[in-house]
Amino acid sequence: MSQRVALIVNPTSGKGVGRQLGEETRRLLHEAGHDVVDVSGSDYQQARTRAREAVVDGVDTVVVVGGDGMVHLGVNLCAGTTSRLAVVAAGTGNDFARNLGLPVRDARSAVALLTEGRTRDIDLGRVTHGVAGETWFGGVLGAGFDAVVNARAQRMTWPRGQMRYNLAVLRELPVFRPIPYAVELDGHRLETRAMLVAVANTTSFGGGMRVCPDADVTDGLFDVMIVHALSIPSFLRVFPKVYSGTHTTHPAVEIHRARRVRLEASGIQSQADGETFADLPIDAEVVPGALHVVTPMEVPA
């Protein structure tokens, strides 16, 4: 069945893989008989404006080609609307795609899902304080060491890909100090000094860091990870375990579940879906079933 599709391509994703997959996606959509409106702009702002107009006009599906940053754009376009989000994962990390069992760097399989897959309703995080209006995130919102590293990585022009993030980690570690936080979980207030706090809708961020390995996009709850104050040597011992999700057994790591979360800390900027986000304090809540997303009929284990 043909659909009205708005296509947004980030040609710089994945060291230029986005451009290649964008061209392939455009061709495959046309070959499948879909009515395609390419809303990719000369910059992010123009693409967002064009895509929002397409959603208001009632486009069936918004197809984003890129990494988690493009997913973040798609989430904010489609949240609370009837338009579906389809992802052609072309980034470096692709955490959102991997969490939902979507094809990675495979335009043909991703486009085929528009007709052969299913529409799955998943939860989103909605932030209403500390931002203009309301802003949504689909994956993980982090505030602390991860956000500091993410900000440094975005300022770096070398190296490319995951190595840039790893180098940013090494440069920030010697100067990082635990942050005084106030964390409210469904009204319960906790004050602590911590390395980071992550509010997770999905399990991972940063290219496979499984910060909250049991997070579920359909349970109506955030998983909230707090890594309490650690010495740098101790943090270095714990940090690699995040890729396997075994860091959760460390006594300095706590994971809570809550529908509403407030984070307070002085001079700290958060990141969400790998994108620089709002300064703290912020208030976030889970909105169940807020996004219609195109996925395989069966999600791989």
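Please read these numbers as outputs of a predicted model, since none were measured by experiment.

(A) A look at the overall build of the chain. Along the chain, the regular secondary structure elements total eight helices and 15 strands. Since a compact globule built from 301 residues should have a radius of gyration of about 19 Å, the 19 Å found for the chain is in line with a globular shape. Overall, the chain is about 55 × 40 × 35 Å in size when its C-alpha atoms are taken along their principal axes. With 301 residues in all, the chain has 54% of them scored as buried. Charged side chains in the chain number 30 positive and 33 negative. The centres of these two groups are separated by 7 Å.

(B) How the structure looks around the pattern of salt bridges. All chains considered together, the criterion is met by 12 salt bridges. Residue E134 is joined to R126 by a salt bridge in which the shortest nitrogen-to-oxygen separation is 4.0 Å. On the basis of relative accessibility, which here comes to 21%, the residue R126 falls in the partly exposed class. R126 is the salt-bridge partner of E285, the closest N and O atoms lying 2.7 Å from each other. Residue E285 is located in strand β15 (residues 282–295), and its partner R126 is located in strand β5 (residues 118–129); the two are separated by 159 residues in the primary sequence.

(C) Structural view of the packing of aromatic side chains. Using the criterion set out here, one finds four aromatic pairs in the structure. Seen in terms of ring centroids, F137 and F222 are 5.7 Å apart; in terms of plane orientation they differ by 10°. Their pairing is stacked. Note that F137 is positioned in strand β6 (residues 135–137) and F222 in strand β10 (residues 222–228), a separation of 85 residues in sequence. Summarising the burial analysis for this pair, F137 and F222 share the class buried.

(D) View of the nonpolar core. Grouped together as the largest cluster of nonpolar side chains are 53 residues, with contacts concentrated most on L141 and L263. The leading source of residues in this core is strand β9 (residues 188–200), at seven residues. L263 has contacts with L141, A143, A182, V183, V197, V199, L280, P281 and I282, leaving out every residue within four places of it along the chain. Among the nonpolar cores identified, the runner-up in size contains 51 residues, and L29, A54, F96 and A290 belong to it.

(E) Spatial organisation of unusual backbone geometry. Residue L280 is joined to P281 through a cis peptide bond whose omega torsion reads 10°. Among the structural elements, P281 can be located in the loop between β14 (275–279) and β15. Positive phi values are uncommon outside glycine, yet R105 reaches one of about 55°. Along the chain, R105 falls in the loop between α4 (95–99) and α5 (107–116). The phi torsion at D273 lies on the positive side, around 55°, for a residue other than glycine. By secondary structure assignment, the location of D273 is in the loop between β13 (269–272) and β14.

Parameters and conventions
Residues numbered from 1 in each chain as written. Predicted model: local features only at pLDDT ≥ 70, side-chain atom pairs only at ≥ 80, totals over all residues. Heavy atoms only, no water. Helix = DSSP H or I, 4+ residues; strand = E, 2+ residues; numbered from the N terminus. Rg over C-alpha atoms; globule rule 2.2 N^0.38 Å. Buried < 20%, exposed > 50% of the residue type's maximum accessible area, 1.4 Å probe, protein only. Lys, Arg positive; Asp, Glu negative; His and termini not counted. Charge placed at Lys NZ, Arg CZ, Asp CG, Glu CD. Salt bridge = Lys/Arg side-chain N within 4 Å of Asp/Glu carboxyl O. Phe/Tyr/Trp six-rings, centres within 6.5 Å; stacked < 30°, edge-to-face > 60°. Core = buried A, V, L, I, M, F, W, Y, C linked by side-chain atoms within 4.5 Å. Contact = heavy atoms within 4.5 Å.

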